[in-house]
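# Examination of the molecular architecture
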Amino acid sequence: MKTFRIGGFHGKDYKLTGDRAIEQMPVPDKVVIFLSQHIGAPAVCNVAKGDKVNVGTLIGKAGGFVSANIHSSVSGTVVSVDPVADGSGIKKPAVTIEVEGDQWEEGIDRSENLIPECNLDSKEIIDKISDAGIVGMGGATFPTQVKLSIPPGSKAECLIVNGVECEPYLTADHRVMLEKSDEILVGCKIVMKALGVDTCYIGIEENKKDAIKLLSSKADGGISIVPLRMRYPQGGEKQLIDAVINRQVPSGGLPIATGAVVQNIGTIFAIYEAVQKNKPLVERIVTVTGCYVSNPKNLKVRIGTSISELIAAVGGEPDNTAKVINGGPMMGRAMSNVEAPVTKGTSGILMLSARDTVREKEQACISCAKCVSACPMGLEPYLLYKLSYRRLYPDMESEKVTDCIECGCCAYTCPAHLPLLDYIRVGKAETMKIIKSRQIKK
Amino acid sequence: MRVISPSPHLHGPLSTEILMRDVVIALVPAFIFTVVTGGLQALFVTLVSVASCMLFEWLINSYFFHRPNSLTDWSAVITGTLLAFNLPQSIPLWIVVVGAAVAIGIAKMSYGGIGRNIFNPALVGRVFLLISFPVQMTTFPVQADAYSGATPLQFFKFVPNAASMTPDNYLMDLFIGFVPGSMGEISALLLLLGGLYLIIRKVITWHIPVFTLGTIFVFTGILWLINPEIYANPLFHILAGGAILGSVFMATDYVTSPMNVRGQIIYAIGIGVITVLIRVWGSYPEGMSFAILIMNAATPLINKYIHPKRFA
Amino acid sequence: MSTLFYSLAILVGIGVLASVILFFVAKKFKVEENPLIEPTEKMLPGANCGGCGFAGCHAMAEALVKNDDISSLFCPVGGSETMKSIADFLGKTAPEKEPQVAVVRCNGAFCNRQRVNVFNGADSCIVESSLYSGETLCSWGCLGKGDCTKVCKFGAIKMNSDTGLPEVDQDKCTACGACVNACPKGVIELRKKGIKDRRIFVSCINKDKGGITRKACSVGCIGCMKCVKVCAFEAIKVENNVAYIDASKCRLCRKCVVECPTGAIQEVNLPPRKPVASVSSDETGVESKVEQN
């Protein structure tokens, strides 16, 4: 079975909600929609306090080339356009809407009917995706229309769909593959048409055997299912390309250099809904889980719903909860503010007990080199850690810190419990700043 | 109160204590074999060695560095056990204490403790004793049958025409352990079993042992093919002396070996070559410990210039 | 006997040979350098702290010798005296700068600022600040992980475990600025040391609106403007809901210290106040909070 070439680890996957059907969460009383839910420039707000909006009304227009539209996920009145604290307690521009009824914009097809035919051409498809404000829903939130616009000089050869979901606990993509398999396959064909390619691989890890079986039985027309060996971080874009077509993205290069375009399963489903049903990105699937949660679920929620409401919907926070994490346990962010809203990139809410998550005391590095063999990018985490600790940021550049994908394999394996990634992440950010200021000087 | 930390929020099952404890467990079969065949002397030597290593580490930590004791990380136990494995069972116990003092005090704690040392502490202790007490360090109790108390390597080095005098079942005896020698030299079979355990538990990777032993085998094999009258059988070189103990347990010491597979291969080949050079042309019958110490010194250089295989 | 002699002779021979080789190598590979640089470097403190903006004292000495106008160069550790003697030596005009000291502009001790969560990551301010707003509701103030203490080469800044805040030893502080650069929150400022080491400063940089600040911390600046009104010398300005005292205009009259409703303004090394009937009760409350620095 295929997998990526170096590093990574195989651990327990804790997929508690893999067999639980997606549940629709009721429309909340109030939503907070951030104007920057994607990588790139924030959207520009085009509503004011007191405005009436419907579900699907554009409330923020893309603020640049790398940016995305933001739509209202509810119908009601805008009560505030002031900044609101996000999960980390940092205030960000947002639109707060009080809900009145559930009125959708005209032209949005809310039926469950499958529309298999798409007669649009490549440009029209990308425009529709751009209008719908679709971003990468695996967590990176890169605007999808930018990813589908192939830069001049490059050529797309195939589409790789990321159904890996290698983060422990999360099952949102798994459930979408099972419940919306026909829509996924139509979505794949739409993206293939947009890219002008005729091959598509859907990479799925072997712990989702039912999804592999179901999609394999239905796939046709250039789409093939690639079962992958279970190994974290296979869902990383570079690792997935390596695992599926055995090509490597060069250091500092874009994935398109290998001829592959990677899209997440959730994104493919959102693209299907945007192109075939005119539905902008106003809902997403969120796995709300944890070993001690009384009733973990996969929930379909409106973007902007408060995370505390999601937690209440699964039976509340267990008493022994130490951390509430936005995302998976390997790359998610611990939240200090659970009143923060769901965004386009919220793939899961995870509640971990102190025993599972509180770090043990750091010890001295024993040079065991476990971090070096765990690094999927072939870096030397122990060295980067030391350089960052001593603030030798210029030296980190030559050690390729910018290749780091922040997957956390190094800190996961470290027997001395060193905060390797904590320091490497800071060092990477500082190194990026140095590189940027040098480019500006030139 | 809510706990906040950067990702990752999970940690794997590994810890320093577990890794170090596994090394000690891997040494147990060979230890029991020596005690059963060689008597209680081996037990005493090991106990004294481990106890004094732990004592010195505790003393230096509490009264010199004024920091909490680090005995729970098992590293002092490993140093003590490995030191004992490098000593003849008949050695006076006070010499063992001196060796432990050098191993922990000079080779480990003077660099700042666990993780900071450049040289393998147990080997520094052993080499110090070998140079300071050459007679006690090279006198072995007579065992099994008559190879006159000399270790196989000593026998080969100092007896003329040794190659033609060895009996047919000699290699088998070496493999199982019916020969004189220090504890770690005796049973190749059980040491290999320990090594296998370490590889299965993912404490070490196969690269260093295989490349070290492979280099010794190839190098001595070439010599043997040139003139089997003078040079010993390559299998003999692998089974005799500390080749297996050294390559499986000492050369793989985390702190003093290179940080990536490419570097580890260079390091292992270096150890193999130097070992054979000393064994065949040097003045000592055994060269494993010197070879490892020399390559320990080269480790920082290897780490600086040899990088792991990058993703792209 | 002969063995001893031979050994000695060989040893001496090797020594002589090596010294001859070294002599010629040193001659051959000698780097020509301005002869003024070495004595200039010797006059510098030699701390290599980087406070001047150069990599170390040698680089600073090079710059001092090379540049004709050295008014922009200053060694904060050596201070005016060192700069003057160097300038005299090089025949250039010395830059004038008043002695400075690092000042921690946050008084959010454990008792003043409630902790609302626990940070469990690496013990470092820069890691914590890059992750989230911090353990308290105040997203501006000191994080208390001591990055400033780790970079200080003079042992002048130490964490106080009772308050969770760093404290500056003004006699050891050389105003090199290493802590100012290390602090990700910009809490530390280099301020004029002041006449007789007396100074008054606002010990808060919280730019939130008054109500939010008040909720987060009992000694934060709420931007109420009272100090601005009471100041007779126009030394205080309130921008972004936080007051700042211009040290060059402040005459140390201490009116603002008394006026501040939250006790955010601190005075250092000023003599105890004469008892004034009207403000006695308020004043004692303020003064009890004003001690360190």
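Residues numbered from 1 in each chain as written. Chains lettered and ligands numbered in written order. Predicted model: local features only at pLDDT ≥ 70, side-chain atom pairs only at ≥ 80, totals over all residues. Heavy atoms only, no water.

Helices and strands together make up the secondary structure of chain C, namely eleven helices and nine strands. The C-alpha atoms of chain C give 26 Å as radius of gyration, which overshoots the globular expectation for 293 residues (19 Å, by more than 25%). C-alpha atoms of chain C, sized along the principal axes, occupy 95 × 50 × 35 Å. When burial is assessed residue by residue, chain C has 43% of its 293 residues classed as buried. Long-range pairs, those at least 24 residues apart, make up 58% of the contacts in chain C between residues at least 6 apart in sequence. Total accessible area on chain C stands at roughly 15,900 Å², and carbon and sulfur atoms take up 57% of it. One way to put it: in chain C the 37 positive side-chain charges average out to a point 3 Å from where the 31 negative ones average out. (Helix = DSSP H or I, 4+ residues; strand = E, 2+ residues; numbered from the N terminus. Rg over C-alpha atoms; globule rule 2.2 N^0.38 Å. Buried < 20%, exposed > 50% of the residue type's maximum accessible area, 1.4 Å probe, protein only. Contact = heavy atoms within 4.5 Å. Areas by Shrake-Rupley, 256 points an atom, 1.4 Å probe, with all protein chains shown as cover. Lys, Arg positive; Asp, Glu negative; His and termini not counted. Charge placed at Lys NZ, Arg CZ, Asp CG, Glu CD.)

All right, on to the overall build of chain B then. Assigned secondary structure in chain B consists of 16 helices and one strand. Its C-alpha atoms give chain B principal-axis dimensions of roughly 75 × 50 × 30 Å. Going through the 312 residues of chain B one by one, you find that 56% of them count as buried. Working note: accessible area of chain B is about 12,800 Å², and carbon and sulfur atoms make up 72% of it. The positive charge centre, built from 14 side chains, and the negative charge centre, built from 11, are 19 Å apart in chain B.

Close approach of charged atoms allows side chains of opposite charge to pair. Summed over all chains, the structure comprises 36 salt bridges over all chains. Note that Arg302 of chain A and Asp102 of chain A form a salt bridge whose closest N and O atoms lie 3.2 Å from each other. One end of the pair, Arg302 of chain A, is in strand E16 (residues 297-302); the other, Asp102 of chain A, is in the loop between strand E10 (94-99) and helix H1 (122-131), and 200 residues separate them in sequence. Residue classification places Arg302 of chain A among the buried residues on the basis of a relative accessible area of 4%. Here Glu189 of chain C makes a salt bridge to Arg105 of chain C, at a shortest N to O gap of 3.8 Å. Taken together, the residues Glu189 of chain C in strand E5 (residues 188-192) and Arg105 of chain C in the loop between strand E1 (100-104) and strand E2 (117-119) connect sequence positions 84 residues apart. Residue class for Arg105 of chain C comes out buried when judged on its relative accessible area of 15%. The structure contains a network of salt bridges with shared partners spanning Asp102, Glu273, Lys279, Glu283, Lys300 and Arg302 of chain A. (Salt bridge = Lys/Arg side-chain N within 4 Å of Asp/Glu carboxyl O.)

All right, on to the pairing of strand E8 (residues 242-245) of chain C then. Residue and element names in this part refer to chain C. Summarising the sheet, strand E7 (residues 236-239) and E8 pair through four bridges and their orientation is antiparallel. The residue bridging Lys237 from the neighbouring strand is Tyr244, located in E8. Remark: two residues form the turn of the hairpin made by E7 and E8, two consecutive strands paired antiparallel; Asn240 in that turn has positive phi of roughly 50°. (Pairing = 2+ DSSP bridges.)

Further remarks concern helix H3 (residues 75-85) of chain B. Within H3 of chain B, eleven of the eleven residues are buried, which leaves it mostly tucked inside the rest of the structure. Taken together, the buried positions of H3 of chain B are Ser75, Ala76, Val77, Ile78, Thr79, Gly80, Thr81, Leu82, Leu83, Ala84 and Phe85 of chain B.

This brings us to the interface of chain B and chain C. The partner chain C presents ten residues to the six residues of chain B that form the contact. With both chains or domains summed, chain B and chain C bury close to 660 Å², and 76% of this area falls on carbon and sulfur atoms. When the buried surface of chain B facing chain C is broken down by residue, Met1, Ile4 and Pro6 of chain B rank first, second and third, together holding 72% of it. If you look at where chain B meets chain C, you find zero salt bridges. (Buried area = accessible area lost by both parts, 1.4 Å probe.)

Contacts between chain B and chain A engage 35 residues on the former and 58 residues on the latter. Per-residue buried area on chain B facing chain A is highest for His9, Met259 and Phe311 of chain B; these three make up 24% of the total on that side. Here chain B and chain A share three salt bridges between them. The residue Arg310 of chain B makes a salt bridge to Glu399 of chain A at a minimum N-O spacing of 3.8 Å. The interface formed by chain B and chain A holds 23 residue pairs in polar contact (both at pLDDT 80 or more) in total. Breaking the side of chain B that touches chain A down by element, the ones donating at least two residues are strand E1 (2-4) and helix H1 (16-38) of chain B. (Polar contact = N/O pair within 3.5 Å; in protein donor to acceptor, adjacent residues only side chain to side chain.)

By way of backbone hydrogen bonds, the strands of a sheet pair with one another, either parallel or antiparallel. Residues and elements named next belong to chain A. Read across the sheet, six strands follow the order E1-E16-E15-E19-E17-E18 without closing on themselves; strand pairing throughout is mixed. Strand pairing shows two members of the sheet lacking a second neighbour, strand E1 (22-24) and strand E18 (333-334), which therefore form its edges. Across five bridges, strand E17 (residues 321-326) lies against strand E19 (residues 348-353) in antiparallel orientation. Note on E19: the bridge partner recorded for Lys323 is Leu352.

This brings us to the domain arrangement of chain C. All names here are of chain C. Under the domain assignment, chain C is made up of domain 1 (37-90) and domain 2 (100-268). Relative to domain 2, the C-alpha centre of domain 1 lies at a distance of 30 Å. When domain 1 packs against domain 2, the two sides together hide about 450 Å² of surface, and 64% of this comes from carbon and sulfur. When the area that domain 1 buries against domain 2 is broken down by residue, the three leading residues are Cys49, Pro76 and Val77, summing to 68%. Taken together, the connections running from domain 1 to domain 2 amount to zero salt bridges. Taken together, the connections running from domain 1 to domain 2 amount to one residue pair in polar contact (both at pLDDT 80 or more). Residue classes in the side of domain 1 that touches domain 2 are distributed as four nonpolar, two polar and no charged. (Domains from an automatic or database assignment. Nonpolar A, V, L, I, M, F, W, Y, C, P; charged D, E, K, R; others polar.)

What follows deals with the confidence of the model for chain B. All names here are of chain B. Of the residues in chain B, 91% reach a pLDDT of 70 or more, and the chain-wide mean stands at 87. When the elements of chain B are averaged for pLDDT, helix H8 (residues 162-165) gives the smallest value, 57, and helix H4 (residues 93-108) the largest, 95. Counted against residues more than four places away or in other chains, residues 143-148, with its pLDDT under 50, gives 13 contacts. (pLDDT = per-residue confidence, 0-100.)

This part takes up the sheet that holds strand E3 (residues 44-45) of chain A. Residue and element names in this part refer to chain A. Ordered in space as E3-E5-E6, the three strands form an open sheet in which the pairing is antiparallel. Since the sheet does not close on itself, it has two edges, and those belong to E3 and strand E6 (70-71), each with one partner. Relative to E6, strand E5 (residues 58-61) is paired through two bridges, and the arrangement is antiparallel. Directly across from Gly60, in E6, lies its bridge partner Ile70.

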